[in-house]
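Structure at a glance
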Amino acid sequence: QVQLVESGGGLVKAGGSLRLSCAASGGTFRSTGMGWFRQAPGKEREFVARVSRDGGNTIYADSVKGRFTISRDNAANTVFLQMDSLKPEDTAVYYCARSKAYYYSTTTSGYDYWGQGTQVTVSS
């Protein structure tokens, strides 16, 4: 059983930064891509970023491009999301997820394991 646990969320003022972490255990990690999604109250869960299994390729939602950076440390079984220049619109629960094999998806259907999420609140 694969387990993903997010941490690092909190309350920050607009323009500030947070770094989220996702620790993986119980299954393969280094052989799969990993993604971050977020869900705000009353809205659909949306794609944020994805990193390939070796960390060499990344993709970002237009809404966070240039502000967020996804990375991974396979030796530590951990994926990160560095969030800079945060806006109130970034307020959401952030989830990490494991990509299905041979997929490079930006939709929820492309991921097979999910963490429980960590709350990020950006005040104005």
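Structure's up top.
Below is a summary of the structure that appears in this document.

Conventions and cut-offs
Residues numbered from 1 in each chain as written. Predicted model: local features only at pLDDT ≥ 70, side-chain atom pairs only at ≥ 80, totals over all residues. Heavy atoms only, no water. Helix = DSSP H or I, 4+ residues; strand = E, 2+ residues; numbered from the N terminus. Buried < 20%, exposed > 50% of the residue type's maximum accessible area, 1.4 Å probe, protein only. Contact = heavy atoms within 4.5 Å. Lys, Arg positive; Asp, Glu negative; His and termini not counted. Charge placed at Lys NZ, Arg CZ, Asp CG, Glu CD. Disulfide = S-S within 2.5 Å. Pairing = 2+ DSSP bridges. Polar contact = N/O pair within 3.5 Å; in protein donor to acceptor, adjacent residues only side chain to side chain. Axes fitted to C-alpha atoms, helices over the stretch in contact; angles between N-to-C directions.

1. A closer look at the overall build of the protein chain
Each helix and strand in the protein chain was counted, giving 0 helices and 11 strands. Across the protein chain, helices and strands are ordered from the amino to the carboxyl terminus as β-β-β-β-β-β-β-β-β-β-β. Counting over 124 residues, the protein chain shows a buried share of 41%. Across the protein chain, contacts joining residues at least 24 apart in sequence account for 58% of those joining residues at least 6 apart. The centroid of the 14 positive side-chain charges in the protein chain is displaced by 3 Å from the centroid of its 10 negative side-chain charges.

2. Some points on the state of the cysteines
Scanning the entire structure with this criterion turns up 1 disulfide. Note on cysteine connectivity: Cys22 is disulfide-linked to Cys96, with sulfurs 1.9 Å apart. With the S-S bond torsion at 55°, the cross-link from Cys22 to Cys96 turns out right-handed. Pair noted here: Cys22 is in strand β3 (residues 18-25) and Cys96 is in strand β9 (residues 92-99), with a separation of 74 residues, a long-range link. The pair Cys22 / Cys96 is uniform in exposure class, with both members buried.

3. Digging into the pairing of strand β11 (residues 118-123)
With burial as the criterion, only one face of β11 is covered, namely that bearing Thr118, Val120 and Val122; the residues Gln119, Thr121 and Ser123 on the opposite face remain uncovered. One ladder, built from 3 bridges, connects β9 with β11; its direction is antiparallel. Of the residues in β11, the one forming a bridge with Ala92 is Val120.

4. Description of the side chain of Thr32
Relative to the elements of secondary structure, Thr32 occurs in the loop between β3 and β4 (34-39). Not counting chain neighbours up to four residues away, the residues in contact with Thr32 comprise Arg53, Arg72, Arg98 and Ser99.

5. Topic: the environment of Phe37
Summarising the element assignment, Phe37 is placed in strand β4. Assessed through its relative accessible area of 1%, Phe37 is described here as buried. Once the C-alpha coordinates of Phe37 and Gln116 are considered, the two residues, 79 residues apart in sequence, prove to be 11 Å apart. Apart from residues lying up to four places away in sequence, Phe37 is in contact with Arg45, Glu46, Phe47, Val48, Val93, Tyr94, Tyr95, Thr106, Thr107, Thr108, Tyr111 and Trp114.

6. A closer look at the side chain of Ser52
Secondary-structure assignment places Ser52 in the loop between β5 (46-51) and β6 (58-60). In this structure the side chain of Ser52 is engaged in a polar contact, spanning 2.8 Å, whose partner is the side chain of Asp54. In contact with Ser52, other than residues within four places in its own chain, are Gly33, Asn57, Arg72 and Tyr104.

7. Concerning the sheet that holds strand β8 (residues 78-83)
Taken in spatial order, the 4 strands make up an open sheet running β1-β3-β8-β7, and their pairing is antiparallel. Of all the strands in the sheet, the pair left with one neighbour each is β1 (3-7) and β7 (68-73). Direction aside, neighbouring strands of the sheet carry axes that sit 15° apart on average. With 6 bridges joining them, β3 and β8 adopt antiparallel strand pairing. Across the sheet, the residue bridging to Cys22 is Val79, located in β8.

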